[in-house]
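Coordinate analysis (summary)
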Amino acid sequence: IEQRGPEELVVCYEVETGREFWSHSDQTRFESVQGGIGPRSTPTVHEGKVFTQGATGILNCLDAATGTRLWSRNTLEDAGSPNLDWGQSGSPLIVDDLVIVTPGNNNTASRTNKSSVIAYRRDTGDKVWAAEGRHGSYSSPQLATLHGKQQVLIFDGQGVIALLPTTGQRLWSFDWINTPEINAAQPLLVDDQSVLIGSGYGLGSA
């Protein structure tokens, strides 16, 4: 996923030669002084499809063989939220028949909106559930099994939350807030009962 002028593209290249197989473009461009230009997430490839979230919140489901767009959603519009200062950075997470993304609820004046995490149907893009009115950040949603229970870990601007993948119900949370509310590293699973988190801005790890 890359930027070419006013177009944000998902591009498939041949490994041996660098020849371009196909590309899909959206007429959008993210740019900030510190964050730079263009998208900053990694595509998720699953069962012949490519799922991407661009820096301005466009979530695409593409056919992996041709690049044909199967469906698309604007995650920030669906969340009713402005963008993060340095753009959407999280990669889509596939859990069974769901695609889970974390646009965040980034309006500091009001956080009553409950759409900072959104799950869509993998085959159609229809919204299944939305949860947690919390400030977003720059890590990706992560699937984990802790104490024998499958859950999605979200390391957002306010700390870690664990959600039930099927409904978005909160299972547990742990506050971890630095001054700019920026958590960008993935949580590290130590074992089936422990998670290590860490962030900058003088806060450290837990």
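Everything discussed here concerns the structure shown above.
About the criteria used
- Note on numbering: residues in each chain are counted from 1, in written sequence order.
- Only residues with pLDDT of 70 or above have their local features reported here, since the model is predicted, and side-chain atom pairs are shown and tallied only from 80 upward, although totals for entire chains, interfaces and linings are computed over all residues.
- With hydrogens and water excluded, all non-hydrogen atoms of the structure serve as input to the side-chain values.
- Working definition: helices are DSSP H or I runs of at least four residues, strands are E runs of at least two. Numbering for both runs from the N terminus.
- Each polar contact in these results corresponds to two N or O atoms within 3.5 Å; when the atoms are within protein, one needs to be able to donate a hydrogen and the other to accept it, and residues that are neighboring in sequence are counted only if both atoms are side-chain atoms.
- Whether two strands pair comes down to DSSP finding at least two bridges between them.
- All axes are obtained by fitting lines to C-alpha atoms, using only the stretch in contact for helices, and the reported angles, taken between N-to-C directions, cover 0 to 180 degrees.
- Note on definitions: a residue-residue contact is assigned when non-hydrogen atoms from the two residues lie within 4.5 Å.

Topologically, S140 is positioned in the loop between β13 (127-131) and β14 (142-146). On a C-alpha basis, the gap between S140 and S199 in space is 14 Å, while along the polypeptide they are 59 residues apart. Here S91 takes part through its backbone nitrogen, which lies 2.9 Å from a polar atom of the side chain of S140.

Here we take up the pairing of β13. Relative to β13, strand β12 (residues 117-121) runs antiparallel, the two sharing four bridges. Residue V117 lies in a different strand from β13, and its bridge partner there is A131. Where β12 folds back on β13, the antiparallel hairpin that results is connected by five residues, among which G125 adopts a positive phi of roughly 85°.

In spatial order, the strands read β10-β11-β12-β13; together these four strands make up an open sheet with antiparallel pairing. In this open sheet, the two edge strands, each paired with only one partner strand, are β10 (93-95) and β13. Strand-to-strand twist of the sheet, defined as the mean angle between neighbouring strand axes without regard to direction, takes the value 20°. Bridge count for β10 against strand β11 (residues 98-101) is three bridges, and the pairing is antiparallel. Looking at β11, one finds that I94 is bridged to V99.

Its location among the elements puts N178 in the loop between β17 (170-175) and β18 (188-191). Side-chain polar atoms of N178 contact the backbone oxygen of I182, separated by 2.8 Å. Not counting residues up to four positions away in its chain, the partners in contact with N178 are N183, S199, G200, Y201 and L203.

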